[in-house]
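Chain by chain, the residues:
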Amino acid sequence: MSPVRGRCIVLGVTGGIAAYKAAEVCRRLVGAGAHVVPVLTAGALRMVGETTFSALASEPAVTSLWSDPSSAIPHTSLGRRADAVVVCPATARLISDLRTGRSGDVLTATLLATRAPVIVAPAMHTEMWEQPSVQDNVAVLAERGVTIVGPVEGPLAGGDIGSGRMAEPAEIVTAIEAVLTPQSLAGRRVLVTSGGTREPIDAVRFVGNRSSGKQGAAVASEAAARGAEVVLVTTEPDRAPAAARVVAVETAAEMAAAVELEAPGADAVVMAAAVADFRPARPAGTKLKKGLGVPALELQPTRDILASLGASKSPGQVLVGFAAETEDLETNALIKLRSKNLDVIVANDVSKEHVGFGHDTNEIVMYTADGARHHVPLTTKQEAARVVLDKVAALMPEAP
Ligand code: CTP
């Protein structure tokens with residue numbers, strides 16, 4: 001469940017050309033179950049229509065301190081109701097007002113009247129963004145605990161290209177979700193593995209599998225968002241979230257060595273990687289030439305990393321395995337849960353459409369050692385990661 005579900009978010013929109021993208025932020029937040037109240041400044045109303053936001057949001061847009069005759073103090077009620085206040089786009093003026101505590105309209109008054117976390121997505125031309133005054137204001141806000149999202153490099157109004165472009169709506173929503181995520185793994189160490197291992201046949205060829213590393217990356221980013229210190233051992237380092245410490249590996253043996261090093265001291269280990277069960281027994285050091293004929297590929301088993309962890313599990317450590325199946329999902333998953341001494345197994349039927357390998361979506365069934373079963377219908381890998389980590393956090397013993 002998205003952490004914005006059921007939460008009240010005041011969406012402030014100021015007069016930058018990126019204001020039209022705030023409509024998409026609004027739509028995404030409402031889609032994720034948030035209660036969104038848009039607050040548009042006079043500048044914003046020159047860029048976008050009030051009706052657009054009133055239609056997309058959970059309540060009509062607020063455009064003035066005086067627009068609702070039944071409420072003489074809309075800013076204080078908005079400020080108190082808000083679980084988060086987000087300003088996107090935020091102009092240089094809004095940023096300056098927020099720093100100095102100036103309240104000239106309903107948005108700046110609401111920002112003063114709230115104790116909720118504030119998220120600001122600046123958007124302006126490069127020259128403005130790079131002004132020492134603006135940079136100084138942003139630095140002070142960040143120091144005070146305001147979350148600053150972006151800006152990024154890219155095309156700006158008028159055909160210019162440079163830094164100052166507002167962060168994309170998806171990134172802004174992710175930042176809001178991060179701010180509202182309960183820190184259920186604060187102070188914990190979580191080790192995650194992801195991607196498919198590649199077992200060399202010769203200097204250029206390998207035996208591999210279809211794992212993209214997306215589900216493991218989602219678990220890593222979600223664990224970090226919940227306050228955990230995250231180590232990601234992966235064959236797909238380019239997918240790793242910035243918040244994780246990354247150990248890049250290629251083969252099952254390298255993954256085993258890295259996990260062996262990192263697992264002691266981890267409060268939870270989530271083995272989302274698709275580890276090869278067999279590897280070529282004698283990989284050639286150079287490229288095999290096809291003129292020399294079809295090579296016979298002798299395979300030998302790899303070590304089962306997860307089974308080793310299960311056999312030497314330290315007290316309180318939560319062990320999570322994954323089972324990608326194409327038939328008998330439950331039977332196979334439960335066998336793996338028991339035989340590897342796991343606390344949780346996350347099973348998916350990868351023969352189904354949009355499930356698992358390579359997709360951004362997944363359908364999982366989670367089985368726990370206490371006999372519980374939790375089915376998560378087709379959803380995003382991020383959402384699947386949330387469900388898994390809710391369980392991991394619940395299974396962890398109280399922090400000492
Ligand atoms: N795993 C592991 N080391 C291996 C193989 C798998 O740690 N050498 C882990 C995977 O990361 C995953 C779980 O074990 O969490 C998968 O279990 P496994 O029984 O190995 O699944 P498959 O390899 O698909 O086995 P099977 O061929 O029996 O389905």
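Just so it is clear, the structure is predicted and the values come from calculations on it, not from any experiment. (Residues numbered from 1 in each chain as written. Predicted model: local features only at pLDDT ≥ 70, side-chain atom pairs only at ≥ 80, totals over all residues. Heavy atoms only, no water.)

> Give a detailed account of the overall build of the protein chain, specifying residues and quantitative values.
In terms of helices and strands, the protein chain carries 14 helices and 19 strands. Considering only C-alpha atoms, the protein chain reaches an extent of 80 × 50 × 40 Å along its principal axes. Taking all 400 residues of the protein chain together, 50% fall into the buried category. Sequence separation of at least 24 residues holds for 66% of the intrachain contacts in the protein chain that already meet a minimum separation of 6. Here the protein chain has roughly 18,900 Å² of accessible surface; of this, 53% comes from carbon and sulfur atoms. (Helix = DSSP H or I, 4+ residues; strand = E, 2+ residues; numbered from the N terminus. Buried < 20%, exposed > 50% of the residue type's maximum accessible area, 1.4 Å probe, protein only. Contact = heavy atoms within 4.5 Å. Areas by Shrake-Rupley, 256 points an atom, 1.4 Å probe, with all protein chains shown as cover.)

> Residue-level account of the domain arrangement of the protein chain, with values.
Structurally, the protein chain comprises domain 1 (8-180) and domain 2 (189-395). When each unit is reduced to the centre of its C-alpha atoms, the spacing between domain 1 and domain 2 is 39 Å. (Domains from an automatic or database assignment.)

> Help me get a handle on the site of the ligand, residues and values and all.
By nearness alone, 14 residues border the ligand, and Met 271, Ala 273, Asp 277, Leu 306 and Phe 322 come closest of all. Lys 336 places a side-chain nitrogen or oxygen 2.9 Å from an oxygen atom of the ligand. When isolated, the ligand has an accessible area of 570 Å², and the protein chains bury 74% of it. Those elements that provide at least two residues to the shell around the ligand are α12 (305-311) and β16 (318-325). Per-class residue counts for the shell around the ligand are seven nonpolar, two polar and five charged. (Near = heavy atom within 4 Å. Polar contact = N/O pair within 3.5 Å; in protein donor to acceptor, adjacent residues only side chain to side chain. Nonpolar A, V, L, I, M, F, W, Y, C, P; charged D, E, K, R; others polar.)

> Tell me about the sheet that holds strand β2 (residues 35-40), and name the residues and values.
The strand order across the open sheet built from five strands is β2-β1-β3-β4-β5, with neighbouring strands paired in parallel fashion. Among the strands making up the open sheet, the edge pair consists of β2 and β5 (147-148). In the sheet, strand β1 (residues 8-13) pairs with β2 via six bridges, with the strands oriented parallel. What sits directly across from Leu 11, in β2, is Pro 38. (Pairing = 2+ DSSP bridges.)

> Break down a negative patch on the surface for me, with residues and values.
Side chains of Glu 127, Glu 130, Glu 153 and Asp 160 sit close together on the surface and give a patch of like negative charge. Looking at the secondary structure, you find Glu 127 in helix α7 (residues 126-129). The class for Glu 127 is exposed, based on a relative accessible area of 56%. (Patch = residues over 30% accessible without salt bridge, like charges linked within 9 Å, V, L, I, M, F, W, Y side chains within 5 Å. Salt bridge = Lys/Arg side-chain N within 4 Å of Asp/Glu carboxyl O. Lys, Arg positive; Asp, Glu negative; His and termini not counted. Charge placed at Lys NZ, Arg CZ, Asp CG, Glu CD.)

> Residue-level account of the pairing of strand β7 (residues 161-165), with values.
Taken together, the four bridges between strand β6 (residues 152-155) and β7 define a ladder with antiparallel strand orientation. Bridge pairing in β7 links Val 152 to Arg 165.

> Before we move on, could you go through the pattern of salt bridges and cite the residues and values that matter?
Scanning the entire structure with this criterion turns up 27 salt bridges. Here Arg 386 makes a salt bridge to Glu 222, at a shortest N to O gap of 3.6 Å. Taken together, the positions of Arg 386 in helix α14 (residues 381-395) and Glu 222 in helix α10 (residues 214-225) put the pair 164 residues apart, joining distant regions of the chain. Judged by relative accessible area, Arg 386 falls into the buried class, the value being 6%. When salt bridges with common partners are traced through the structure, they connect Glu 177, Glu 222, Arg 226, Glu 383, Arg 386 and Asp 390 into a single cluster.

> An account of the packing of helix α1 (residues 19-31) against helix α9 (residues 169-180) is requested, with residue identities and associated values reported.
For the pair α1 and α9, the least separation of the axes is 9 Å and the interaxial angle reads 50°. The angle between α1 and α9 falls in the class oblique. Once α1 is placed against α9, the crossing between them reads as right-handed. Across the interface between the two elements, Lys 21, Glu 24, Val 25, Arg 28 and Leu 29 from α1 touch Pro 169, Ala 170, Ile 172, Val 173 and Ile 176 from α9. (Axes fitted to C-alpha atoms, helices over the stretch in contact; angles between N-to-C directions. Parallel < 35°, antiparallel > 145°, perpendicular 65-115°, else oblique. Left-handed = near helix turned anticlockwise from the far one by under 90°.)

> Before we move on, can you summarise the environment of Thr 126 with the specific residues and values?
Here Thr 126 lies in helix α7. Separated by 27 residues in the primary sequence, Thr 126 and Glu 153 have C-alpha atoms spaced 9.0 Å apart. If we skip the residues at most four places from it in the chain, Thr 126 touches Leu 156, Gly 162 and Ser 163.

> Give me the lowdown on the nonpolar core, citing residues and values where you can.
With 34 residues, the main nonpolar core has Leu 11, Leu 29, Phe 53, Ile 172 and Ile 176 as its most contacted residues. Going through the elements one at a time, β1, α1, β2, β3 (84-90), β4 (118-122) and α9 are the ones with two or more residues in this core. Every residue in contact with Phe 53, bar those within four places of it in the chain, is listed here: Leu 11, Val 13, Ala 19, Ala 22, Ala 23, Pro 38, Leu 40, Val 48 and Ala 61. In this structure, Ala 220, Val 270, Val 376 and Met 396 belong to the second largest nonpolar core, which totals 29 residues. (Core = buried A, V, L, I, M, F, W, Y, C linked by side-chain atoms within 4.5 Å.)

> Can you tell me about the sheet that holds strand β8 (residues 189-194), naming the residues and giving the values?
Across the sheet, eight strands lie side by side as β12-β11-β8-β13-β16-β17-β18-β19; this open sheet has mixed pairing. The two strands at the open ends of the sheet, each matched to only one other strand, are β12 (245-248) and β19 (373-380). Each adjacent strand pair in this sheet contributes to an overall mean axis angle of 15°, direction not counted. Here four bridges tie strand β13 (residues 268-271) to β16, and the two strands are oriented parallel to one another. Within β16, the residue paired with Met 271 across the bridge is Gly 321. Across the sheet, α10 is in contact with β8, β11 (229-234), β13, β16 and β18 (361-368); its angle to β8 comes to roughly 165°.

> Can you explain the packing of α10 against α14? Please cite residues and give values.
It is at 8 Å that the axes of α10 and α14 come closest, and there the two elements cross at 60°. Relative to α14, the element α10 lies oblique. Seen along the crossing, α10 lies across α14 with a hand that is right-handed. Along the contact surface, α10 presents Lys 214, Gln 215, Ala 218, Val 219, Ser 221, Glu 222 and Ala 223, while α14 presents Lys 381, Gln 382, Ala 384, Ala 385, Arg 386 and Leu 389. Of the residues in the contact of α10 with α14, the class split is six nonpolar, three polar and four charged.

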